[in-house]
Amino acid sequence: MFTEPQQGASYDTLLTVAKATEDLGFDAFFRSDHYLSMGSADGLPGPTDAWITLAGLARETRRIRLGTLMTAGTFRLPGVLAIQVAQVDQMSGGRVELGLGAGWFEEEHKAYGIPFPKEKFGRLEEQLAVVTGLWATETGKTFSYDGTYYQLTDSPALPKPAQSKVPVLIGGHGATRTPKLAARYADEFNMPFGSLEDTRKQFDRVRAAAAEAGRGQDDLVYSNALVVCVGRDDAEVARRAAAIGREPEELKANGLAGSPAEVVEKLGRYAELGSSRVYLQVLDLHDLDHLEVISSQVMPQVG
């Protein structure tokens, strides 16, 4: 399950969805990292912080993985982020995954007084080096880093995550720098809201970059994030589409929508491209029956 709480969700709503995610047999609960709603949504009751949310969910769930698609690199200094993620990983018993991106939504930075630097991709590359470097430093030794944007001197590189290696996710549509960054730092490459053809092209670029970096093509997990709208019949699909301000045919073209059989068929087409995980973007967080339909009628056919 992949949620977009900036569109309007309290922590209690997210907790309800996360518990349903666990109870219904899904593998993970992920959320976006935004502070301002998009489109016509009013965003009420206001934003929730991604890592504070995941810390709470870490203590309220027992099985599901917890993560971000994607943590905005502009929101947090890399040393602080490394501490936050490591602590939440400890709190969850080792169930955290870190999706990290450059940050892109300038309006939310202006709304909350967050600097929005011009050069974001270079910062992202250094953030990945710092975060992974801190975690990889042997206990008792120190970590130093002298970059263009970040400098660390004799950091104790603590705390350590519960996992020996927190999975790092990198994603995006960029044709050159993104695949190279994924090949260097990522455990998983995620293609967000991409068509089958765009997914094929981007997966191929990442595979080529991984080979050039000396990694095997199967060293990375390949995944997609897609909006989901499933119904037992056409009327239910139409009702769920209307609830999120979309049209059924548009959702079928650009996401996973329709009957369980239609969604299973399209998932199979993404699987043929090498996608082994799909993050289902659920936009109506109060429709828990939607999750039940996916759990009972889609998941058994794709497991």
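Residue indices begin from 1 for each chain and proceed along its sequence in written order. Local features in this predicted model are restricted to residues of pLDDT 70 or higher, and side-chain atom pairs are both shown and tallied only at a pLDDT of 80 or more, whereas totals for entire chains, interfaces and linings draw on every residue. Note that the side-chain values use all heavy atoms of the structure and ignore hydrogens as well as water.

### A word on the overall build of the protein chain
Link 1 in the chain: Here a helix means four or more residues in a row that DSSP labels H or I, a strand means two or more in a row labelled E, and each is numbered from the N terminus. Assigned secondary structure in the protein chain consists of 11 helices and 12 strands.
Link 2 in the chain: Atoms counted for the radius of gyration: C-alpha only. Globule rule: 2.2 Å times the number of residues to the power 0.38. In terms of overall size, the protein chain behaves like a compact globule, its C-alpha atoms giving a radius of gyration of 19 Å where 303 residues would be expected to give roughly 19 Å.
Link 3 in the chain: In terms of principal-axis extent, the alpha carbons of the protein chain reach across some 60 × 45 × 35 Å.
Link 4 in the chain: Accessibility here uses a 1.4 Å probe with only protein chains present; expressed as a share of the type maximum, an area under 20% marks a residue as buried, one over 50% as exposed, and anything in between as partly exposed. Every one of the 303 residues in the protein chain was classed for burial, and the buried ones make up 53%.
Link 5 in the chain: Working rule for contacts: check all heavy atoms of both residues, and any pair within 4.5 Å makes them a contact. Long-range contacts, defined here as pairs at least 24 residues apart, represent 72% of the contacts in the protein chain between residues at least 6 apart.
Link 6 in the chain: The Shrake-Rupley method, run with a 1.4 Å probe, gives the accessible areas here. Residue values count only the displayed protein chains as cover. A total accessible area of about 13600 Å² is found for the protein chain, and carbon and sulfur atoms account for 51% of it.
Link 7 in the chain: Charge assignment: positive for Lys and Arg, negative for Asp and Glu; neither His nor the chain ends contribute. Every charge is mapped to an atom, namely NZ of Lys, CZ of Arg, CG of Asp or CD of Glu. Treating the 31 positive side-chain charges of the protein chain as one cloud and the 41 negative ones as another, the clouds have centres 4 Å apart.

### Side note on the packing of aromatic side chains
Link 1 in the chain: Stacked, edge-to-face and tilted labels apply to pairs of Phe, Tyr and Trp rings (six-membered ring for Trp) whose centres lie within 6.5 Å, assigned for plane angles under 30 degrees, over 60, and everything in between, in that order. Applying the stated criterion across every chain, the model contains seven aromatic pairs.
Link 2 in the chain: Seen from their ring centres, Phe30 and Tyr279 are 4.9 Å apart, and the 70° between their planes marks the pair as edge-to-face. Here Phe30, found in strand β2 (residues 28-31), pairs with Tyr279, found in strand β12 (residues 277-282); they are 249 residues apart in sequence, far enough to count as distant.
Link 3 in the chain: Classification of Phe30 as buried rests on a relative accessible area of 1%.
Link 4 in the chain: Taking relative accessible area as the criterion, Tyr279 reaches 6% and is therefore assigned buried.
Link 5 in the chain: Aromatic side chains Trp104 and Phe105 sit 5.1 Å apart centroid to centroid with 25° between the ring planes, which places their arrangement in the stacked category.
Link 6 in the chain: An aromatic cluster is present here, built from Tyr35, Phe75 and Tyr112 joined pairwise through their rings.

### Some remarks on empty space enclosed by the protein
Link 1 in the chain: Lining residues are defined by having an atom within 4 Å of a point belonging to a cavity or pocket. Those points lie on a 1 Å grid over the protein atoms alone, cavities being sets where a 1.4 Å probe fits but cannot get out and pockets being open sets with protein on both sides within 12 Å along at least five of seven lines. Grid points are joined across faces, edges and corners, and a volume is the space filled by probe spheres set on the points. For the structure on display, the rule yields one cavity of 30 Å³ or more.
Link 2 in the chain: There is about 60 Å³ of room inside the largest cavity.
Link 3 in the chain: In this structure, the largest cavity is lined by Val228, Cys229, Arg240, Ile244, Val282, Leu283, Asp284, Asp287 and His290.
Link 4 in the chain: Polar here means any residue outside two lists: the nonpolar Ala, Val, Leu, Ile, Met, Phe, Trp, Tyr, Cys and Pro, and the charged Asp, Glu, Lys and Arg; Gly therefore counts as polar. Tallied by class, the residues present in the lining of the largest cavity amount to five nonpolar, one polar and three charged.

### With respect to the pairing of β2
Strand residues, when the strand is regular, have side chains that alternate between the two faces of the sheet.
Link 1 in the chain: A two-sided burial pattern is seen for β2, the buried positions comprising Ala28 and Phe30 on one face and Phe29 and Arg31 on the other.
Link 2 in the chain: Bridging between strand β1 (residues 2-3) and β2 involves two bridges; their strand directions are parallel. Paired with Phe2 across the strands is Phe30, a residue of β2.
Link 3 in the chain: For the handedness criterion, the strands are oriented away from the viewer, and a crossover whose path from the first strand over the helix to the second runs clockwise is classed as right-handed. One crossover worth recording links β1 to the parallel β2 by way of helix α1 (residues 11-23), and it is right-handed.
Link 4 in the chain: Inspection of the sheet shows β2 paired to strand β3 (residues 65-68) by four bridges, in the parallel sense. Note that in β3 the partner of Phe29 across the bridge is Leu66. The pairing criterion for strands is at least two bridges between them, as found by DSSP.

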